[in-house]
Every structure is written in C-alpha cells, then in structure tokens.
Amino acid sequence: MRKGVIEWVTREKAVAIVRGAESTVCPQIANALYAGGIRLMEITYDQRAPESWKDTAAAIRQVARQFEGRMLIGAGTVTEPALVYLTHQAGGCFIISPDTNEAVIHRTRELGMVSMPGAMTPTEILAAHRAGADFVKLFPAAGLGPAYLRAVCAPLSQVKIMVVGGIDEDNVSAFLEAGAVGAGVGGNLANRQWIQDGAWDRITQAAQLLTSAIQQNQKVVTN
C-alpha cells in the first residue's frame, strides 16, 4: 500500500487540509473537493480536544470507505503514535504532522502508512528524512517563499518536500518550480466559512483553480 500511496501523492500533488470541521460534514466536503479534482484529503485532529479524536477517526473511516479507490484519506496534526494507530484502524493511509517526531514516523512506517512530518530548516528536514519520512512538509511555506525552498532543495535534492502554509492557485506553480513535489492547502480550499455556509460549490471552484494551476505547471515541465 505504501508504495502506491507515494506514487499517488507524487502524481496528484495537491492535498486538501480539512481542519476544524464537524466530522458529520466531512463527506460533503470530500464530495465538493472531489468534484473539483482533488484526490488526496487530510482530516486533522484537534489537539485542544482529545475527546474529539474518536469522531475524527470516524470521519476518516467514513470518507475512506465512501471514496475507496477514488480518493486517498489521511490524518493531520498527528503528534503522537497513538493517533497513528487510530488513523490506521480507521483506514487512513498517510500521516501528516506539524513537527518531526521520530516515534510518530517509526509507528507510521511500522503500520505501512506514508509519513509526512513537518520541518523548516535543512537540519530538521534531514532529520525527518533520516528517520524514515517519505515526504517532508515544509511549513510555513508561504512565509519562507519559493526562493528559500529552491536554496534548500539544491543540496537536499534527495528529499521529497511538500509545501504547506499559505499555498493557493496563485503561488503553487512557483513552489513546484522551486522543487516541491506537492502542496497541502487548507483555508484557501476547505475554507471554514464556506463549510459553515454549506457553500460546497465555492470549495469545488477553488479546487478546480488549484488543480488547473498544477496541471498547467506539469504541462510546462513535460514540454
């Protein structure tokens, strides 16, 4: 499974980050994202509310079953190994974290899932890579900028870097050109206000703009 997920992430490039949404609406969010071309979705755990983690895992399970074979579902803000196991039991296939926690990375790999820990500096990026990360999440990417990523990628070309934080259809191409293999997009895609308003068409439209920008970038790269 792990190899297939790595290939899927590398091909699709865009991971939608669903943060702070009620678990009951996650299937509707997934429908809106899928209609816009998104094939990877992260549902985050709320670290302020451990009592909500079982509901989050239930949402992962429901969406993973509903979109089996069509969309890959994983978990975000995973800060401890117990959440890795909870996600695995729910059918999630990738783990994204805000930090580099070797215990989380090792548990993820033990369970055959794809690991995407967060890092910022070259030292942190290499530490994550050496610990077994399949991808390293550069965060916060927009604040650092494409030039920073380009400088980091020059000596660390062996590391698959995903960019997260402030990414949208306007800057995603610049980050891909700078060396990113993909991007995680949250508020500019699964916007909380749109979710609260049930404005699923706006989520679909934002997804279409993002995936179109990525496709255009890939056409330029292959030509």
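Further up the page is the structure itself.
Quick caveat: nothing in here was measured; it's all calculated off a predicted structure.

A.B. asks: For this particular structure, what's the right way to read the pattern of salt bridges?
C.D. replies: Charged atoms that come close allow side chains of opposite charge to pair. Throughout the structure, instances matching the rule amount to four salt bridges. Note that Asp 46 is salt-bridged to Arg 48, the shortest N-O span being 3.3 Å. Note on Asp 46: relative accessible area 28%, which makes it partly exposed. Look at Arg 48 and you get exposed, because its relative accessible area is 72%. Notably, a salt bridge pairs Arg 107 with Glu 110, separated by 3.2 Å at the nearest N-O pair. Here the residue Arg 107 and the residue Glu 110 both occupy positions in helix α5 (residues 102-110), the gap between them amounting to three residues, near one helical turn. When its relative accessible area of 59% is taken as the criterion, Glu 110 is described as exposed.

A.B. asks: Looking at this structure, how should I read the packing of helix α3 (residues 53-66) against helix α4 (residues 81-90)?
C.D. replies: Helix packing geometry: the angle between the two helix axes and the distance between the axes. At their nearest, the axes of α3 and α4 sit 8 Å apart, and the two run at 35° to each other. Crossing handedness for the pair α3 and α4: right-handed. Counting all contacts with α3, which are made through Trp 53, Ala 57, Ile 60, Arg 61 and Ala 64, the residues of α4 involved are Leu 83, Leu 86, Thr 87, Gln 89 and Ala 90.

A.B. asks: Explain helix α2 (residues 26-35) to me, please; I cannot follow it from the model alone.
C.D. replies: Cys 26, Pro 27, Ile 29, Ala 30, Ala 32 and Leu 33 are the residues of α2 that are buried. With its phi angle positive at about 105°, Gly 37 sits one or two positions after the end of α2.

Reading guide: rules and limits
Positions within a chain are numbered from 1, following the residues in the order the chain's sequence is written. pLDDT decides what is reported in this predicted model: residues at 70 or higher carry local features, side-chain atom pairs at 80 or more are listed and counted, and totals for whole chains, interfaces and linings draw on all residues regardless. Side-chain numbers here rest on the full set of heavy atoms in the structure, without hydrogens or water. When a carboxyl oxygen of Asp or Glu lies within 4 Å of a side-chain nitrogen of Lys or Arg, that pair is called a salt bridge. Burial classification: accessible surface area is computed with a 1.4 Å probe over protein chains only, and a residue below 20% of its type maximum counts as buried, one above 50% as exposed, and the rest as partly exposed. Every helix listed is a DSSP run of H or I at least four residues long, and every strand listed is a run of E at least two residues long, numbered separately from the N terminus. Angles shown run from 0 to 180 degrees and are taken between the N-to-C directions of axes, each axis being a line fitted to C-alpha atoms and, for helices, limited to the stretch in contact. The sense of a crossing depends on the near helix, which, turned anticlockwise from the far helix by less than a right angle, makes the crossing left-handed and, turned clockwise, makes it right-handed. The contact criterion used throughout is that any non-hydrogen atoms of two residues lie within 4.5 Å.

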